[in-house]
Amino acid sequence: MIKIKSISKSFVNKKSVVKVLDDINLEVDSGDIYGILGLSGAGKTTLLRIISGLEKPDVGEVIIDGININDIIGKNLRNFKKNIGVVFQGINLLMQKNVYDNIAFPLEIDRASKDVIDSRVKELCNLVGIMDKIDLYPAQLSGGQCQRVAIARALACNPKVLLLDEVTSALDPFTTKQVLNLLKEINTRLNVTIIIITHDIKVAKSICNHIAVVEGGKIIEKGTIEEVTRNPQSDFCKILFAGDE
């Protein structure tokens, strides 16, 4: 269970203070696939960074399995972060390393043995369908294959939660469908809780069980995907979902 309680976050630029998130409250059940939908600049990525522990909120709490991540420091925080896998929009693969070494990287940081690393990397390559690409470098892969590597790397340390930021935004429709099907399989087989950030209504509808719509740093609607998309209450969502069937 993930509880996001009264999260607010502002950034200061040269001219003003910009409030990016304003009193965000969410609950995500273990094993769920939860979508956070909104336009560019709505605050979605900042929220993901806060959930992952990469950014601290000005106000509020992120509680994962009963633990407030704001209260964890030092080595304990590093250990706890292994429970959270993140795939950012830019993928951020290490271009000088091949597929094997990219996936192995988090395990090397965790000082796993060579045998453990080898077994886990091959297990994940089979899971995401890139065993035949294991010796190739990112420049030799397609966009969809790079995403599979990034997902495998995020799963390397057996996280309980997988956070995904616009993972299909640069992919064609066919590859998008393949990646989303892979995520559904991972959710089912590994019981990993998935939170996916997206601006794409079709992506949200094809994979998410629940959804929150963010606009101007606020959650304006949340609920099951059917409730929110079929019977929107706010003017923004009525426009957003109009004619989407």
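Attention here is on the structure that accompanies the text. All figures in this text were calculated on a predicted structure; none of them were measured in a lab. (Residues numbered from 1 in each chain as written. Predicted model: local features only at pLDDT ≥ 70, side-chain atom pairs only at ≥ 80, totals over all residues. Heavy atoms only, no water.)

Reading across the sheet, the four strands line up as β2-β1-β4-β5 and stay open at both edges, with antiparallel pairing between neighbours. Two strands in the sheet have a free side with no partner beyond their single neighbour: β2 (17-28) and β5 (67-68). (Pairing = 2+ DSSP bridges. Helix = DSSP H or I, 4+ residues; strand = E, 2+ residues; numbered from the N terminus.)

Here the focus is the packing of helix α5 (residues 143-154) against helix α6 (residues 173-190). Between α5 and α6, whose axes approach to 10 Å, the crossing angle comes to 20 degrees. With respect to each other, α5 and α6 are oriented roughly parallel. For α5 against α6, the interelement crossing comes out right-handed. The segment α5 lies against α6, with G144, Q147, R148 and I151 engaging T175, Q178, V179, L182, L183 and I186. Grouping the amino acids of the contact of α5 with α6 by side-chain chemistry returns five nonpolar, four polar and one charged. (Axes fitted to C-alpha atoms, helices over the stretch in contact; angles between N-to-C directions. Parallel < 35°, antiparallel > 145°, perpendicular 65-115°, else oblique. Left-handed = near helix turned anticlockwise from the far one by under 90°. Contact = heavy atoms within 4.5 Å. Nonpolar A, V, L, I, M, F, W, Y, C, P; charged D, E, K, R; others polar.)

Moving on to the pairing of strand β3 (residues 33-37). When you tally the buried positions in β3, you get five out of five residues, the bulk of the element. In β3, alternate side chains face the same way, and those of I33, G35 and L37 on one face and Y34 and I36 on the other are all buried. Here β3 runs beside strand β8 (residues 193-198); their pairing, made up of five bridges, is parallel. Pairing of I33 across the sheet is with I194, part of β8. (Buried < 20%, exposed > 50% of the residue type's maximum accessible area, 1.4 Å probe, protein only.)

For S52, the location among the structural elements is in helix α1 (residues 44-52). From its side chain, S52 meets the backbone nitrogen of L54 in a polar contact 3.4 Å long. Ignoring any residue separated from it by four or fewer positions in sequence, one finds S52 in contact with K81, I84, V86 and L163. (Polar contact = N/O pair within 3.5 Å; in protein donor to acceptor, adjacent residues only side chain to side chain.)

For α6, spanning 18 residues, the distance from its first C-alpha to its last is 25 Å, which sits close to the expected 26 Å at 1.5 Å a residue. On its buried side, α6 packs onto β3, α4 (114-128), α5, β7 (161-165), β8 and α7 (201-207). Sitting at the amino-terminal end of α6 is D172, which places a side-chain oxygen 3.1 Å from the backbone nitrogen of F174. Note on α6: the residue one or two positions beyond its end, N191, has a positive phi of about 55 degrees. (Expected span 1.5 Å × (residues − 1).)

Okay, the nonpolar core next. By size, the foremost hydrophobic cluster in this structure holds 50 residues, and its most contacted members are I103, V121 and L183. Discounting residues that sit within four places of it in the chain, I103 has contacts with V121, L124, C125, I130, V149, A152, R153 and A156. L21, I69, V161 and I197 belong to the second-largest nonpolar core, a separate cluster that totals 28 residues. (Core = buried A, V, L, I, M, F, W, Y, C linked by side-chain atoms within 4.5 Å.)

Right, let's talk about the pairing of β8 for a bit. Taken across its six residues, β8 has six buried, putting it largely inside the fold. Of the two faces of β8, the one carrying T193, I195 and I197 and the one carrying I194, I196 and T198 are both buried. Both β7 and β8 contribute to a ladder of five bridges, which runs parallel. Looking across to β8, one finds that L164 is bridged to I196.

Treat this as a map of the structure, not an account of what it does.
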